[in-house]
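Here is what each chain is made of, one letter per residue.
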Amino acid sequence: MFPRLTIGREVNRRVRFNKPARGGSTKPPAAVQQPASPRVDDVWEFRARAVQAHATNAKGTDMHSHYDLAVIGTGPAGQKAAINAAKMGKRVVAIEREPAVGGACIRTGTIPSKAMREAVMHLTGYRMRGIYGASYLVKKDITMHDLIFRCEHVVRHEIDVIKAQMQRNDVEMRFGAARFVDSHMLCIDASGGSDIVSADVFLIAVGSMPARPDNIPFERGRIIDSDGILELDTVPRSMIIVGGGVIGVEYACTLAALGTRVTLIDQRPRLLEFIDAEIAEALQYHVRQLGVRLCLGEAVADVSTDQSAVTAVLESGKRLCAHSLLFAVGRQGATQSLDLDAAGLSADERGRLRVDSQFRTAVPHIYAAGDVIGFPALASTSAEQGRLASCHAFGQPCPTVSAAMPYGIYTIPEISMVGPTEDQLTRDQVPYEVGVARYREIARGQLLGDQTGMLKLIFTQDTRRLIAVHVIGEGATELVHIGQAVIALGGTVQYFVDNVFNYPTLAECYKVAALDGINRSAAAHRRATERHANRPNTETPSESTTVGGEDLVDHESPVPAAPAIAPHITRVVRPAPRRPRRLPQTVAH
Ligand SMILES: Cc1cc2nc3c(=O)[nH]c(=O)nc-3n(C[C@H](O)[C@H](O)[C@H](O)COP(=O)(O)OP(=O)(O)OC[C@H]3O[C@@H](n4cnc5c(N)ncnc54)[C@H](O)[C@@H]3O)c2cc1C
């Protein structure tokens, strides 16, 4: 546990750290009041004032048990809220009921599952099979110990990093289970006794836990939830996975790559309904190639065990047997032990709290963020919600750049997306165009041995503004961020045409996909214009020509709203004379 830090030390340290850069004006933290709405561009002054306001706190309360902010839970939401408030000079306590910080993200969820996946990818030689053949293997007889070894290494390191961050920012840590005594007071129950703390503002960031219905006979090592995977002694020979959500599909892929015979059951007709249909189709193909049996549109009626096997009976009457069963159907907010009533709050039937757009619960000084408020329940979004909640609580302006949040799904191959799917855009009647690049066309794809990866750009038909990126393949979860930046800055696909990308990289997919999309859209515009002019098309069916693998695009595409296309490329097709332009409302391929 960290030593408690005194206010005096905190003030001194912050003043030293917040010194302006050489040559800048010195702004001593004199007796000033905290500004009601500090300007973002004057952050040094804001911090200095906040520290001073903190130091001269005249509430008269016991400064060792009263805080500006009490955060319950040290997962991504709690960490970022606590550190952000501490950086504003607030006195912050973070309370954690487990013996280590990090939350489900570090201890049981994101990091262990990704570490296990990386271990499997490495030890099975999976990534290199495209080059050295299906029998390529780095290690024979991979054990659970091999996988857990890598998990523990990464988890230990991440816990250390978080502890150091909390310490550096003077966030006080308390270990024990917190519950509300009233809306301004918490009781922390620890093995050594209970303690009371009070605060002006609270953040509930208690995360979630796997849903465990009463009719499923959970049993260590045999009928398990996602936390139980890490407690397996041996790699199961076969496994039934109930639930085709992100966690179920990720573990299905990891275990199948390891050689486990996996059957995946889900009530819905396709995997991961929120992702782009084309990507989902590709994923289902790859999952089957890994050897996973998919039972989609099927529901489980009963689960039982005997000495030798676990049996799942489906509503359709099918009986499936396996060595073990993973139940991965949803998670619920971990609010049961918080005594929410005492604070004037209540959770829904899945333990989740309702919040407004500023992450305030029904009690305005009690905020909630992360998994406990439900979708999207990702580590990345939880961290941002925590930061935004503490900004709002202490009046710090925090502009959000873009509403477009990326999603990363670590299946094999991995998937990532930012922005809407084609189905959503069609439903919303947004005219769009797509451009596609396949990894097999890209030198880096060949080097990686990934022949099947694909990147799809979606952009508006009239202005060519980028609105979405969908990727499946090696590095998808990294690659998506290039597109995310262009979307956030309101850029068009022309950006990818006009800029140089390192070679050989997967980033080149953006250029290829942009050219592909622009070619399609130019062709569509021209056809629409010709139809409008009621004039027969005398040109060849293809309006672009490929040289050296890259499409040559007509500069004089009659699309005034769109920027010039690939200005360095020679025009190879003579367009029809310019005519009054009418933007097409539908995609014409
Ligand atoms: C198998 C799996 C894989 C995942 N993979 C990804 C991924 O690849 N990418 C991604 O972005 N997200 C992933 N997630 C989701 C991600 O882990 C969560 O969205 C994230 O951890 C939520 O953060 P949080 O801060 O809300 O809660 P948590 O990380 O769950 O932290 C909550 C903390 O609060 C503590 N706590 C609870 N009650 C109390 C109490 N009464 N008093 C004190 N402390 C309390 C808990 O002990 C816990 O430490 C995955 C989740 C799982 C289960």
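Residues numbered from 1 in each chain as written. Predicted model: local features only at pLDDT ≥ 70, side-chain atom pairs only at ≥ 80, totals over all residues.

### Remarks on the overall build of the protein chain
Line of reasoning, step 1. Secondary structure assignment for the protein chain yields 15 helices and 24 strands.
Line of reasoning, step 2. Taken over 589 residues, the protein chain has a buried fraction of 43%.
Line of reasoning, step 3. Relative to all contacts within the protein chain whose residues are 6 or more apart in sequence, the contacts with residues 24 or more apart total 65%. (Helix = DSSP H or I, 4+ residues; strand = E, 2+ residues; numbered from the N terminus. Buried ≥ 20, exposed ≤ 12 C-beta atoms within 10 Å, placed from the backbone. Contact = placed C-beta atoms within 7 Å.)

### Section: the sheet that holds strand S9 (residues 238-242)
Line of reasoning, step 1. Here we have 5 strands laid out as an open sheet, ordered S8-S15-S9-S10-S11, and parallel in their pairing. Edge positions in the sheet fall to strand S8 (223-224) and strand S11 (293-296), since each has one partner strand and no second.
Line of reasoning, step 2. Both S9 and strand S15 (residues 324-327) contribute to a ladder of 4 bridges, which runs parallel. Bridged to Met239 within S15 is Ser324. (Pairing = 2+ DSSP bridges.)

### Here's the deal with the nonpolar core
Line of reasoning, step 1. Membership of the largest hydrophobic core comes to 92 residues, with the highest contact counts inside it found for Ile240, Ile241, Val242, Ala252 and Leu325.
Line of reasoning, step 2. The leading source of residues in this core is helix H15 (residues 508-532), at 11 residues.
Line of reasoning, step 3. Ignoring sequence-local partners within four residues, the contact set of Ile241 consists of Gly248, Tyr251, Ala252, Val262, Leu264, Leu326 and Ala328.
Line of reasoning, step 4. Grouped together as the second largest cluster of nonpolar side chains are 52 residues, Leu69, Ala70, Val101 and Ala347 included. (Core = buried A, V, L, I, M, F, W, Y, C linked by C-beta atoms within 7 Å.)

### Let's talk about unusual backbone geometry
Line of reasoning, step 1. In this structure, the amide linkage connecting Phe375 to the following residue, Pro376, adopts the cis form with an omega of 5°.
Line of reasoning, step 2. Tyr503 connects to Pro504 through a cis peptide bond whose omega is -5°.
Line of reasoning, step 3. Positive phi, close to 45°, is recorded for Leu272, a residue that is not glycine.
Line of reasoning, step 4. With respect to the helices and strands, the residue Leu272 is situated in the loop between strand S10 (261-266) and helix H9 (277-289).
Line of reasoning, step 5. For Ala377, which is not glycine, the phi torsion reads 50° and is therefore positive.
Line of reasoning, step 6. Considering the arrangement of structural elements, one finds Ala377 in the loop between strand S17 (366-368) and helix H10 (379-393).

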